[in-house]
Every structure is written in structure tokens, then in C-alpha cells.
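Examining the three-dimensional arrangement
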Amino acid sequence: MSETGSVKSIWRKSIRCESQQCVEVAEVEDGVAIRNSTDPHQHIVFGAAAWRGFMTTLRKGNWG
């Protein structure tokens, strides 16, 4: 995971987002960038392997 400068990708919100305060993701060259829609100037980038692991954990539902 790393913080980076600008991301010139298309940001997407979850289809379950019902407000303006959502998490947004964008595919970038070296992984996936994530930001809070209320502060679009700040984001973090997860490498591809880290993102796959995160999504696998979410889908399995065993995060805690």
C-alpha cells in the first residue's frame, strides 16, 4: 500500500452507495487506488496482490 500523487483513472462508487459519502476505487497501473468521495484529493494505492487478498477476505466474510 502506498500514497501517491494524482490518479488519472475513472473512479467508481459502489452500487450500494446511497449518499455522497462513499468509498471510490480506480484501477491504476500497479493496482487499485481507493479514496473517500468527500476528500477526493487523498487516496491510497494497493498493489494487485494485496487488493485480491482483501477482496477474497471480504467475499468469504471472515474478516473479524
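Look above for the structure.
Here we summarise the structure given alongside this text. The numbers attached to residues start from 1 for each chain and follow its sequence in the written order. The predicted origin of the model limits local features to residues at a pLDDT of at least 70 and limits the giving and counting of side-chain atom pairs to 80 or more, whereas totals for whole chains, interfaces and linings rest on all residues. Hydrogens are left out, water is left out, and the side-chain values use all remaining heavy atoms of the structure.

The next subject is the overall build of the chain. Helix and strand assignments follow DSSP, with helices taken as H or I runs no shorter than four residues and strands as E runs no shorter than two, numbered in order from the N terminus. For the chain, the count of helices and strands is 1 helix and 5 strands. Mapped from its N terminus to its C terminus, the chain presents α and β elements in the order β-β-β-β-β-α. Long-range contacts, defined here as pairs at least 24 residues apart, represent 21% of the contacts in the chain between residues at least 6 apart. As presented, the chain carries roughly 5200 Å² of accessible surface, and 51% of it is formed by carbon and sulfur atoms. Contacts: residue pairs with any heavy atoms within 4.5 Å of one another. Working definition of accessibility: Shrake-Rupley area with a 1.4 Å probe, residue cover restricted to the visible protein chains.

The span one expects for a helix is its residue count, reduced by one, times 1.5 Å. When the terminal C-alpha atoms of helix α1 (residues 48–60) are compared, their 18 Å separation across 13 residues agrees well with the 18 Å that a helix rising 1.5 Å per residue should span. Gly 61, located one to two residues past α1, shows a positive phi value of around 75°.

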